[in-house]
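# Summary of the model geometry
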Amino acid sequence: MTMDPATTSQSSQEAQPGQDQFDVEKIQALLTAKDDTSRFVGLALLKSLLDNSEQVRQDVDTVTSVWQTISPKFLDRLIKTGSQAQNQDGGGNQGQEMLDLAVSVLHTFVALLPADVTKGKRAIGRIPHLVGCLLQCSEETTRLVLETLLTLVSQPEGAQEFNQVEDLTPLTEIASSHQLVLKILEYAWLSGMLASSDKTTLKSKLNKTVGNLITSFKGTDAVTLLEFLSELLRSLEPEDVPQNPEWLPTLRTFIQNLVKSRPTAAGRAAWTNITATLLQLYPTQAPDLLFLDHDKGKSKAKDSDTAPFSYVLVSLILVDLRATLPSLLEKLNSPEYKPISTRLSSAYTILSNFIGYLLTAADAPDESLFTNLITPDLLLKLRKSISETMSLTIEYLRDRYDASVAGAQGLHPDSRTGAVHTSTGSHLPLTWDSKGDNITEDSLIESAIMALAIWLREDDGEVLRLEATGLMDMFIELYRNSSIPPNPSNPGNLSKQLDFRRPILAALEGTILTSISSDNSTGVESFLENKGWEVLSSDLLTILNYTSSYLSHQTSAAQTQQVFGAASRGLEIIRILLPLAESEEPGPQEEWLDLVTKISSIYISPPPPKDTTQSSQVSVGGIDGEIIPEFQIAALQLSTSLLERSHRGIIQKRYRHTIAALVGVAEQVNSWLLVLSSSSMNSDAGNGGDKSGSNSLFEALDEVRMALSSLQGGL
């Protein structure tokens, strides 16, 4: 009798679950046997079953049950014995089979088991042995080991176990040919830094392992290594970054070789990103290392190679910027925008640092520093190239901002179309901005504005400054969006938006102050039309309120730096508003005097009594502590300037009490200045008690008090 084929197939499928269950039970019996031979046979059968039965692979309960019957110590012995046999017999079949089987089974289970099982000790406890066997593995087994390690360290428990491994040499030695090694290290270190209670030890291990990695990449283009280090170092908290590492010079050699080798797009992105990362994280060592010509005096094969490395480096990033910016906007919503914008952001960071380094070298007492950096003819070429790039940057910023607000150049903020409200939220209509990133969250915009600001402030190009005034609406709007009152007591309540205030203040200094000094009112008019005075004065008052009670409260080091940073920003605001107030004809606008009234209402808490423990707080940060009264005195100077240049009739009628209140604020500042001066003298006693900074503040405050007295006398 002949059976129908379909019926036969159906019967086989129905019998399969029962057969699989029988095989699983048989395998579990072998795995729980006392002798290693039975266990090895059970493991081999298990591997075959898992490879061929999709139903067993998808049965989480069965997979978990079988995993619990496998002896972890037996797996460790297989890996260890297999590795040793490889060393002894030159890679004999028996040792290779044991090693391959153990790794293959582990790889399969780690892929099939749920996360709550793979983070258990039974799984992550195999990490040290997996790392140790790598140098004895075949190419295929090496891949399986690395994939298994990557899965395990992606969980905090696995990362913690991995970071306990003392010797990572097997990993670092194969890193140049296996990119997964770098991903494993990145996952483990970043996760470990978040969870580790002993960050010092982990930081030391990270530093040592990076040094070994750099050694293993010698003789290669090191593109993958540079990519890895750029991502890793940027992701670490500042306190977790290795300080003064010995591997920086070697890293500089990698960068230099890659720059001069005309690399691929991946290579260009790698050296650009790592160079910017080093400049940001090592502001003391990196500029000298990257910009000074360390090869000066060595013979060169070609005339084109005689240009200093810094010139070649900056020239290439300028070419990259000019070539990429014109077509960048059309890629805004494509997957390639993120890596491109990251690279260009790094390019602008390099440019900003190079310009700053040039200025430092030009002002240095040792003239040889500047002459060794770049020759005059190359500097002229760079100046022209930077100016062209900045002009193109202004065009891109204009287009990018217009895209984000669906407006047109020069459109006043009050004239924009209202927001459209939909089920998914509110948005401005007719926008072609990025669907994922808002302009206020784009680091490329921040880096571009900073580089442009530095160049506008230091270069004498009037045409470029005139072009930059066309960005005034963007500057003011981004500043407004960034002006969120600081709240150090709740650091978790932070906006995802970037803070554009410092770069924009530098850009305003380059446009408004030069506009005032050159009798060209375009910059000033644009600033006032876009409510620049209102936005900056509002931030100024926020900073005054924020810093006025700092000196009388105990704060952490991080909060102290936030306060000092806010006071420093306040000084930059006054450096813009004060010349504007002094240049306005026939005098300050009447609404500007509202700022004076609000400054006069600031309450500065009184200093503590002498010989109290609180008095030690005022000297935190040394000379930095004086930045707060310096800022407060500058605010008083702005107030007196506005009052002195206002119509006498207005002053007599409306600001009599305001002037009296300003006198009180000046007295409060004077009280704190006396305490700070006393603390500074005590701390500097061993240095002769230098208090020149305090003296200049006292002189500035005396001038304010005299001006206020004169105003009172004229009432």
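Every value quoted in this text rests on a predicted model; they were computed, and no experiment measured them. (Residues numbered from 1 in each chain as written. Predicted model: local features only at pLDDT ≥ 70, side-chain atom pairs only at ≥ 80, totals over all residues. Heavy atoms only, no water.)

### Here's the deal with the overall build of the chain
Helices and strands together make up the secondary structure of the chain, namely 34 helices and two strands. Out of the 715 residues belonging to the chain, those deemed buried represent 48%. By sequence separation, contacts in the chain at least 24 residues apart represent 78% of the contacts at least 6 residues apart. As displayed, the chain has an accessible area near 33800 Å², and 51% of this comes from carbon and sulfur atoms. (Helix = DSSP H or I, 4+ residues; strand = E, 2+ residues; numbered from the N terminus. Buried < 20%, exposed > 50% of the residue type's maximum accessible area, 1.4 Å probe, protein only. Contact = heavy atoms within 4.5 Å. Areas by Shrake-Rupley, 256 points an atom, 1.4 Å probe, with all protein chains shown as cover.)

### Things to note about the pattern of salt bridges
Following the criterion strictly, the structure yields 28 salt bridges and no others. In this structure, the salt-bridge partner of lysine 183 is glutamate 186, at a minimum N-O distance of 3.7 Å. With lysine 183 and glutamate 186 both in helix H13 (residues 179–195) and three residues apart, this pair spans about one turn of that helix. Accessibility expressed as a relative area gives 32% for lysine 183, which makes it partly exposed. (Salt bridge = Lys/Arg side-chain N within 4 Å of Asp/Glu carboxyl O.)

### Digging into helix H17 (residues 265–281)
With 17 residues, H17 ought to run about 24 Å at 1.5 Å a step, and its terminal C-alpha atoms sit 24 Å apart, in line with that. The buried count for H17 comes to 12 of 17 residues, which makes it a mostly enclosed element. Within H17, burial applies to Gly267, Ala269, Ala270, Trp271, Thr272, Asn273, Ile274, Thr275, Ala276, Thr277, Leu278 and Leu279. Next to the buried residues of H17 lie helix H15 (223–235), helix H16 (248–260), helix H18 (286–291), helix H19 (309–324) and helix H20 (337–363). (Expected span 1.5 Å × (residues − 1).)

### Some details on the environment of aspartate 240
Looking at where aspartate 240 falls in the secondary structure, it is placed in the loop between H15 and H16. A residue is classified by how much of its surface remains accessible, and aspartate 240, at 4% relative accessible area, is buried. Sequence separation of aspartate 240 and leucine 202 is 38 residues, and the distance between their C-alpha atoms is 9.0 Å. Once you skip the residues sitting within four places of it in the chain, aspartate 240 turns out to touch Met193, Lys199 and Lys203.

### Observations concerning the confidence of the model for the chain
With 82% of its residues at a pLDDT of 70 or more, the chain shows a mean pLDDT of 82. In this model residues 427–431 is a low-confidence stretch, pLDDT under 50, and it forms 15 contacts with partners more than four residues away in sequence or in other chains. The low-confidence segment residues 685–690, where pLDDT is below 50, has four contacts with residues more than four positions distant or belonging to other chains. (pLDDT = per-residue confidence, 0-100.)

### Structural notes on the environment of asparagine 244
Structurally, asparagine 244 can be placed in the loop between H15 and H16. Ignoring sequence-local partners within four residues, the contact set of asparagine 244 consists of Tyr282 and Gln285. There is a polar contact of 2.5 Å between the side chain of asparagine 244 and the side chain of glutamine 285. (Polar contact = N/O pair within 3.5 Å; in protein donor to acceptor, adjacent residues only side chain to side chain.)

### Some words on the packing of helix H25 (residues 472–482) against helix H26 (residues 501–517)
Axis separation between H25 and H26 bottoms out at 10 Å; the angle between their running directions is 150 degrees. It follows that H25 is roughly antiparallel to H26 by the angle criterion. Relative to H26, the crossing made by H25 is left-handed. Residue-level inspection shows Met472, Phe475, Leu478, Tyr479 and Ser482 of H25 in contact with H26, the latter providing Arg501, Ile504, Leu505, Ala507, Leu508, Thr511 and Ile512. Per-class residue counts for the contact of H25 with H26 are nine nonpolar, two polar and one charged. (Axes fitted to C-alpha atoms, helices over the stretch in contact; angles between N-to-C directions. Parallel < 35°, antiparallel > 145°, perpendicular 65-115°, else oblique. Left-handed = near helix turned anticlockwise from the far one by under 90°. Nonpolar A, V, L, I, M, F, W, Y, C, P; charged D, E, K, R; others polar.)

### What to know about the nonpolar core
By size, the foremost hydrophobic cluster in this structure holds 208 residues, and its most contacted members are Leu43, Phe109, Phe162, Leu278, Phe475, Phe527 and Leu536. Apart from the residues lying within four places of it in its own chain, the contact partners of phenylalanine 475 are Ile449, Leu452, Ala468, Ile504, Ala507 and Leu508. (Core = buried A, V, L, I, M, F, W, Y, C linked by side-chain atoms within 4.5 Å.)

### Side note on the environment of arginine 143
Note on placement: arginine 143 falls in helix H10 (residues 139–153). Sequence-wise, arginine 143 and histidine 178 are 35 residues apart; in three dimensions their C-alpha atoms are separated by 8.3 Å.

### Re the packing of helix H28 (residues 532–547) against helix H30 (residues 593–600)
Axis angle and axis distance: for two packed helices, these are the angle between their axes and the distance between the axes, and together they describe the pair. Where H28 contacts H30, the two axes come as close as 11 Å, and the packing angle between them is 5 degrees. Relative to H30, the element H28 is oriented roughly parallel. Judged by residue contacts, Trp533, Ser537, Leu540, Leu541 and Leu544 of H28 engage Leu595, Lys598 and Ile599 from H30. Looking at the contact of H28 with H30, its residues break down into six nonpolar, one polar and one charged.

### Quick look at H30
All of the buried residues in H30 are Leu593, Leu595, Val596, Ile599 and Ser600. Along H30, the residues classed as buried sweep out an arc of 145 degrees about the axis, all on the same side. (Arc of directions from axis to C-beta.)

### Quick word on the packing of aromatic side chains
Summed over all chains, the structure comprises five aromatic pairs. Each ring, one from phenylalanine 291 and one from tyrosine 357, has its centre 5.6 Å from the other, and the planes form 50 degrees; the classification is tilted. Placement of phenylalanine 291 in helix H18 and of tyrosine 357 in helix H20 is noted, with a sequence separation of 66 residues between them. The exposure class of phenylalanine 291 is buried, given its relative accessible area of 1%. Taken together through their ring pairs, the aromatic side chains of Phe291, Phe354 and Tyr357 make up a single cluster. (Phe/Tyr/Trp six-rings, centres within 6.5 Å; stacked < 30°, edge-to-face > 60°.)

### So, the side chain of threonine 275
Relative to the elements of secondary structure, threonine 275 occurs in helix H17. Overall, the relative accessible area of 0% leaves threonine 275 in the buried class. Here the side chain of threonine 275 touches tryptophan 271 through a polar contact of 2.6 Å, landing on its backbone oxygen. Setting aside chain neighbours within four positions, we find threonine 275 in contact with Ile255, Leu290, Leu313 and Ile350.

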